[in-house]
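Here are the chains, one letter per residue:
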Amino acid sequence: MQLQLERANLVVDDKGDPSHFDLPGWIMPLVTGSGYGVILPPQQSLEKIAQRNRRVLSSDSAITNAIFFLEQKWATCNDRDMIADNTCVTQRFVPSGESDAEPITISSIHLDANDEEKRVLKLQRCLELAPKFSPLVIAGDFNAEMLAGSCCHALLSSEDLQQTSQPLPPIDSEQLKIECTKALRMPVNSSPPQDEMTKWKEMYDSARKFANEQHWNLSRADTGPTRAAFDHDTRAREMAQWRLDHILYTSTTLTPIARWSTLEDDEYSRTLGLPNDKVPSDHLPIAVVFERRNHVRLSSEARRGLIDRIKSMDARHGEEQANLAEDSAEKLSLLKGQSSNEHEAYGEKKKKRQKPSPAIMEQIRSGRAAMKVLKRSQSAEREGLMSGLTVLEKMELNHYHGDFAG
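Let me begin by describing the structure that accompanies this report. (Residues numbered from 1 in each chain as written. Predicted model: local features only at pLDDT ≥ 70, side-chain atom pairs only at ≥ 80, totals over all residues. Heavy atoms only, no water.)

### A word on the overall build of the protein chain
Link 1 in the chain: In terms of regular secondary structure, the protein chain is built from nine helices and 16 strands.
Link 2 in the chain: The C-alpha radius of gyration computed for the protein chain amounts to 29 Å, which surpasses the reference 22 Å derived for 406 residues by more than 25%, pointing to a less compact arrangement than a globule.
Link 3 in the chain: If you line up the protein chain on its principal axes, its C-alpha atoms span 105 × 55 × 50 Å.
Link 4 in the chain: In the protein chain, buried positions account for 38% of the 406 residues.
Link 5 in the chain: Considering only intrachain contacts with a sequence separation of at least 6, the fraction spanning at least 24 residues in the protein chain is 68%.
Link 6 in the chain: Working note: accessible area of the protein chain is about 23,900 Å², and carbon and sulfur atoms make up 51% of it.
Link 7 in the chain: Here the protein chain contributes 52 positive and 60 negative side-chain charges, whose respective centroids are spaced 7 Å apart. (Helix = DSSP H or I, 4+ residues; strand = E, 2+ residues; numbered from the N terminus. Rg over C-alpha atoms; globule rule 2.2 N^0.38 Å. Buried < 20%, exposed > 50% of the residue type's maximum accessible area, 1.4 Å probe, protein only. Contact = heavy atoms within 4.5 Å. Areas by Shrake-Rupley, 256 points an atom, 1.4 Å probe, with all protein chains shown as cover. Lys, Arg positive; Asp, Glu negative; His and termini not counted. Charge placed at Lys NZ, Arg CZ, Asp CG, Glu CD.)

And the structure:
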C-alpha cells in the first residue's frame, strides 16, 4: 500500500527540527480500531523524500509504501536485513504464537516509472531476501504491465521440481522489440536503435538467467487493468487501460483462490478515466486471497545423502589439488637444489636476483598447466553432477550451501 504521511504536529521540537511523520488522520480510526499494525520506513528515509517534495512540489509530505497487518493474527520477525525505504517495504511474518513456523515474506513496492533496469534490480533484491522454501508476495505499483518481452516479465518462471533443468525456450525477438519500444516511450510500430535493443536483450537475458538459477517459481496473480486515461500513443482522444499494479507470488507455496475485480467491472471509470468523482486515486486497488501450502521438500535422508555427495566431492577435489601442488613444489625444490649445487661446483656465488634456469622455468609452467587441467576436469565433473539433479535437489543445495547450485 502507498500512503501520503502527515506530520504528527506542526510544531518544531526544542532543537528546531520538524516533528516526525505519521499515518494520515483519515486512516487512523481504521487502524487503531481494528487491531492493525503498520510497517513503515524509518523517519530518516521519510524525511529525505519530504525534503525532495518541499523542493520540487512545495509540499511538506512523505509519500511511502507501507504494510498493514492484523496483530492478533501475525507477528513480525526481527530481521535486520529487510528493505525499508520509501519505494519498498519488506517484512517477514509468522502466525501469532508460532515463532518456529515457516515465515511468509511480504514486499510492498512502488517501482521506477521510467527505468526498467531499476525495476528489475528492485524485484531481484526482494527475491534475494526471502527464504527459499517460504511463501513470498511482492505487491504494488510496478509502473509497467509486465508483458512478455519485458525484462520484469523475464523474472516469472514455472518449473517442474521433480525434473532436471531444461534449456530455456527461445526468445521472441518481436516481443522484445515491442517492449523495448514502449520502455523508450517511442511511437508504436517504430524500431529502437540497435544499441538500445542490444542493451534490452542483455538485461532480459540477465533477468531470465537469475530466475532460472534461483528457481523461485514466481507467478503473477491474474488481476485486471487498474489505470484508465487518454491513450498517449494515439492522437485521438480515446480512453485506454493499463495493467500497472501487480501481485507476484511463489506458486510452490501459495495458490490464489479469489481476487478483487478492477476496471473490467467499472464501466464508469473505464469511460471517464482515473481519478474521477467516485475514485479519488489514479489507480484502482487490487487484492488477492491466497491459500497457503507447504513447499515440497526432499526427505531428511535424501537431503543428507545429497549434501554428503557434495561434501565428498569437494573434499576429494581439495585433496587432489593439494597433492598436485605438493608434487609440483617437491619437483621445483629438487631443481632449485641441483642448480645451487652446480653453482657451488664451479665456485660461483649465487646472485640474489638471478634468473631461474630453463629447467626451473619449465617446471613452474608445467605445474601451473597441470593445475589448470585438473581444475577444468573437476569443474566438468561438478557440472555433470549438477546437470543430473532435479530442480528440487538444486533448491536444497542453494538453501544449504548458498549459491553453490547456481
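This is not the end of the story, as more comes after the structure.
### A short note on the pattern of salt bridges
Link 1 in the chain: Counted under the stated rule, the structure contains 17 salt bridges.
Link 2 in the chain: Two residues, Glu396 and Arg297, come together in a salt bridge whose shortest N-O distance is 3.0 Å. Note that Glu396 is positioned in helix H9 (residues 391–401) and Arg297 in the loop between strand S16 (288–292) and helix H7 (300–345), a separation of 99 residues in sequence.
Link 3 in the chain: For Arg297, a relative accessible area of 35% gives the class partly exposed.
Link 4 in the chain: Across the salt bridge formed by Arg365 and Glu362, the nearest N and O atoms sit 3.5 Å from each other. On the criterion of helical spacing, the pair formed by Arg365 and Glu362 is a turn pair, its members being three residues apart in helix H8 (residues 358–387). (Salt bridge = Lys/Arg side-chain N within 4 Å of Asp/Glu carboxyl O.)

### Considering the environment of Lys336
Link 1 in the chain: If you trace the backbone, Lys336 turns up in helix H7.
Link 2 in the chain: Overall, Lys336 belongs to the partly exposed group, its relative accessible area being 46%.
Link 3 in the chain: In this structure, the C-alpha to C-alpha distance between Lys336 and Ala380, residues 44 residues apart in sequence, is 35 Å.

### Quick look at the pairing of strand S13 (residues 239–242)
Link 1 in the chain: Residues Ala240 and Trp242 line the buried face of S13, whereas the alternating positions Met239 and Gln241 sit on a face that is not buried.
Link 2 in the chain: Alignment of strand S12 (residues 227–230) against S13, held across four bridges, turns out to be antiparallel. Its bridge partner lying in S13, Arg227 is registered against Trp242. (Pairing = 2+ DSSP bridges.)

### Describing the nonpolar core
Link 1 in the chain: Ranked by internal contacts, the top residues of the largest apolar core, which has 30 residues, are Ile109, Leu123, Leu127, Ile138, Phe142 and Leu248.
Link 2 in the chain: Those elements that place two or more of their residues in this core are helix H3 (116–129), strand S10 (136–141), helix H4 (173–183) and helix H5 (194–214). (Core = buried A, V, L, I, M, F, W, Y, C linked by side-chain atoms within 4.5 Å.)

### Observations regarding the state of the cysteines
Link 1 in the chain: Applying the stated criterion across every chain, the model contains zero disulfides.
Link 2 in the chain: Between Cys126, a free cysteine, and Cys88, which holds the nearest cysteine sulfur, the sulfur-to-sulfur gap is 3.6 Å.
Link 3 in the chain: The exposure class of Cys126 is buried, given its relative accessible area of 0%.
Link 4 in the chain: The cysteine Cys152 is free of any disulfide, with Cys151 supplying the nearest cysteine sulfur at 7.2 Å.
Link 5 in the chain: By relative accessible area, Cys152 is classed as buried at 1%. (Disulfide = S-S within 2.5 Å.)

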